[in-house]
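# Structural characterization, general
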Amino acid sequence: MWQQFIDEHPDAFAFLSVAVDAHPERAAEYARPYRFPTAVDSANVLGRLFDFDVVPNGLLIDEVGALQFLHIGGFYLSRPDGRQQVEALLHADFATGDRPAHMSQESLELEVLRGQLVYDPQNSDLLAALGDALLREGHGVQAVAAYGQAVELRPDDWSLAFALGTARRQTGDVAGAVGAWRRALSLDPSNFTVRKQIWREEHPECFYPTIDSEWQKQQLAKEGYKR
Amino acid sequence: MSQTKHALRVGEQLPDLTLPGVDGTSIRLADYRGKRLFIFMWASW
């Protein structure tokens, strides 16, 4: 597939295939039918440079030797958007910062995380990081799904339950948010931040337009709060 | 919350690396300067 793509775009770019392989002879066997160059990175030099432990990966280096695109894990030209993505990279004007919109740094982070999750779908850290990135980009519903999976994998982690609540709140699901925050509070009863989030939803009059500190003290006593 | 980080970030310069080619040659990344270079990493395993 790569050979065909290269032949269809003569002079548009240089292409290098790198086998991250401990067996150079096997890599050579795979590479033999193709005309593009193939290197073997048996020492995992690129793996250490880019901090990856999965393949296939794609990266683009611009004319002055700067990294402009990095997709770790699950990078296939045969993906529905794979060909379009590479073609956009070949025509992007990196010198003026005119990177295609769907390849902004934030989108790239999402791509990287999703690619890693293809190979490690039960990794709660990756799911949580995906939830963080999605929330930053305003994809609340997708963030809820990512955090929800992370919570299922680590049900005793208050911070994941808290993050799930925050994401639910962003989507307008107040009851769901409070439910997740209550779960977080049950896991970490001394956590004042979580407790205050719940109060802000259930007793907004004590927070707007001014914060009623006296009410908070009484509420803490009522709830039996102990540090 | 945990964050996934990469040693080299988009926009940063690659060091001058040389890798052995499957045909016995040496492939130096700096030799591609002046061209847009796409690197595809894979494994036979």
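Everything quoted here is computed from the prediction, not taken from an experiment.

### Notes on helix H11 (residues 213–222) of chain A
- With zero of its ten residues buried, H11(A) lies for the most part at the surface.
- Just past H11(A), the residue Gly224(A) takes up positive phi, approximately 70°.

### Digging into the nonpolar core
- Counting 61 residues, the largest nonpolar core has Val18(A), Tyr147(A), Leu164(A) and Ile39(B) as the members making the most contacts within it.
- The dominant element in this core, judged by the number of residues it contributes, is helix H6 (residues 124–136) of chain A, at eight residues.
- If we ignore the near neighbours within four places in the chain, the residues touching Leu164(A) are Val144(A), Tyr147(A), Gly148(A), Val151(A) and Ala180(A).

### A closer look at the confidence of the model for chain B
Residues and elements named next belong to chain B.
- Per-residue confidence for chain B gives a mean pLDDT of 81, with 82% of residues at or over 70.
- Across chain B, element-level confidence peaks in strand E3 (residues 37–42) with a mean pLDDT of 93 and bottoms out in strand E1 (residues 18–20) with 88.
- Considering only residues more than four positions removed or in separate chains, one finds that residues 1–6, a stretch of pLDDT under 50, has 18 contacts.
- Scored as a whole, the predicted complex attains pTM 0.54, and scored at its interfaces, ipTM 0.87.

### A word on the pairing of strand E1 (residues 14–19) of chain A
- Of all six residues that make up E1(A), five are buried, and the element is covered over most of its length.
- Strand direction decides the pairing type here: E1(A) and E3(B), joined by six bridges, are parallel. Note on E3(B): the bridge partner recorded for Phe15(A) is Phe38(B).
- Pairing between E1(A) and strand E2 (residues 38–40) of chain A: three bridges, direction parallel. When the bridges of E2(A) are listed, Val18(A) appears paired with Ala39(A).
- In terms of handedness, the path from E1(A) via helix H2 (residues 24–31) of chain A over to E2(A) forms a crossover that is right-handed.

Parameters at a glance
Residues numbered from 1 in each chain as written. Chains lettered and ligands numbered in written order. Predicted model: local features only at pLDDT ≥ 70, side-chain atom pairs only at ≥ 80, totals over all residues. Buried ≥ 20, exposed ≤ 12 C-beta atoms within 10 Å, placed from the backbone. Helix = DSSP H or I, 4+ residues; strand = E, 2+ residues; numbered from the N terminus. Core = buried A, V, L, I, M, F, W, Y, C linked by C-beta atoms within 7 Å. Contact = placed C-beta atoms within 7 Å. pLDDT = per-residue confidence, 0-100. Pairing = 2+ DSSP bridges. Right-handed = clockwise from strand over helix to strand, strands pointing away.

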